[in-house]
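# Summary of structural features
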Amino acid sequence: GLGQSRGHLMVAEVPDTPTTKRWCVLSEDKLWLFDSPDTPKPGTFLPLDNAVVSDGARLRREDQANTFDVYTARGRHYVMQAKSSGDANNWIRAMRQHTAKETENQIMDRAERAIRKNEYASASRIAQHARQIRSQQEAAEGAEAVDEVNDA
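The shown structure was predicted, so the numbers you read here are calculated from the model rather than taken from an experiment.

Residues Leu-9, Leu-31, Phe-68, Val-70, Met-80, Trp-91 and Met-95 are the most contacted members of the largest nonpolar core, which totals 20 residues. Secondary-structure elements contributing two or more residues to this core are strand S1 (6-14), strand S2 (20-27), strand S3 (30-34), strand S6 (67-71), strand S7 (77-81) and helix H2 (85-96). The greatest single-element share of this core, amounting to five residues, is contributed by H2. Apart from the residues within four sequence positions on either side, Leu-31 is in contact with Cys-24, Val-25, Leu-26, Thr-44, Phe-45, Leu-46, Leu-48, Met-80, Trp-91 and Met-95.

This is the structure in C-alpha cells:
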C-alpha cells in the first residue's frame, strides 16, 4: 500500500523556521501542509519529485526516533516529526513512493548505517591492538622478572 497519506506532522524548515504542527496530505508528488484537518485551503506544499527522504536524524540520535528529513530538489531542507517511530516509518515509506528516488534514499540510509558500523569496527580494531600491546608489555615484564630471578 501507499502507507501513511494524511495526518499530523511537526514541520520545520532548516535552519530558521519554528516547528509547527501541520495537517499533512500526501497527494501525487506533493506533501500539502494545512493548518488543521478542516482548513479548506492548504498553506503550502513540498514538492517531492526528486526529493530525498532520509531517516539520518533518527540514526544519529536516540531521542529523535520519530523524526526524518526531507530535502527537496530545489535545495530546501525540512525536519519532520511524527507522533511515533512507526508513524515516521510509514510517512517515510509513503513519501519515498512519491519521490521517484527511492533507491537514492535507500543508498543514503545504507551508507549512514555502514559508516556507523565502520566506526564501531575501527574502534574495535584499535581496542584489540591496545590489548595486544598490553599483553606484549606484560609478557616482556614477566620475562625480565624471570631473568632477575635467574641472575640472583
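Our next topic: the packing of aromatic side chains. Taken as a whole, this structure holds one aromatic pair when the rule is applied. With centroids separated by 4.9 Å and ring planes inclined at 50°, the aromatic side chains of Trp-32 and Phe-45 adopt a geometry described as tilted. Of this pair, Trp-32 sits in strand S3 while Phe-45 sits in strand S4 (residues 44-47), and the two are 13 residues apart along the sequence. Residue classification places Phe-45 among the partly exposed positions, given a relative accessible area of 33%. When the ring centre of Phe-45 is taken as reference, the NZ or CZ atom of Lys-30 above it lies at 5.3 Å.

As defined by bridge partners, S1 adjoins S2 across six bridges and the pair is classed as antiparallel. By the bridge assignment for S2, Gly-7 is matched with Cys-24. As consecutive antiparallel partners, S1 and S2 are separated by five residues. As judged from the five bridges shared by S1 and S7, these two strands associate in the antiparallel manner. Each bridged residue has a counterpart across the sheet, and for Ala-12 the counterpart in S7 is Val-79.

What follows covers the pattern of salt bridges. Across all of its chains, the model carries four salt bridges by this definition. With a closest N to O distance of 2.8 Å, Asp-35 and Arg-22 form a salt bridge. In this pair, Asp-35 sits in the loop between S3 and S4 while Arg-22 sits in strand S2, placing the two residues 13 residues apart along the sequence. With a shortest N-O distance of 3.5 Å, Asp-87 and Lys-83 are connected by a salt bridge. When its relative accessible area of 9% is taken as the criterion, Asp-87 is described as buried. Overall, the relative accessible area of 73% leaves Lys-83 in the exposed class.

Tracing the sequence through the fold places Gly-7 in strand S1. Of the residues examined, Gly-7 reaches a relative accessible area of 8% and is grouped as buried. For the pair formed by Gly-7 and Trp-23, sequence separation is 16 residues and the distance between their alpha carbons is 5.5 Å. Sequence-distant contacts of Gly-7, that is, excluding residues within four places in its chain, are made with Arg-22, Trp-23, Cys-24 and Trp-91.

Let's shift gears to the sheet that holds S4. Each strand in a sheet pairs with another by means of backbone hydrogen bonds, the pair being arranged parallel or else antiparallel. On the basis of which strands lie adjacent, the open sheet formed by seven strands has the order S4-S3-S2-S1-S7-S6-S5 and antiparallel pairing. Looking along the sheet, the strands with just one partner apiece sit at the ends: S4 and strand S5 (52-54). Recorded for the sheet is a direction-independent mean angle of 35° between the axes of neighbouring strands.

Rules of the game
Residues numbered from 1 in each chain as written. Predicted model: local features only at pLDDT ≥ 70, side-chain atom pairs only at ≥ 80, totals over all residues. Heavy atoms only, no water. Core = buried A, V, L, I, M, F, W, Y, C linked by side-chain atoms within 4.5 Å. Buried < 20%, exposed > 50% of the residue type's maximum accessible area, 1.4 Å probe, protein only. Helix = DSSP H or I, 4+ residues; strand = E, 2+ residues; numbered from the N terminus. Contact = heavy atoms within 4.5 Å. Phe/Tyr/Trp six-rings, centres within 6.5 Å; stacked < 30°, edge-to-face > 60°. Lys NZ or Arg CZ within 6 Å of the ring centre and 35° of its normal. Pairing = 2+ DSSP bridges. Salt bridge = Lys/Arg side-chain N within 4 Å of Asp/Glu carboxyl O. Axes fitted to C-alpha atoms, helices over the stretch in contact; angles between N-to-C directions.

Purely geometric numbers; function is a separate question.
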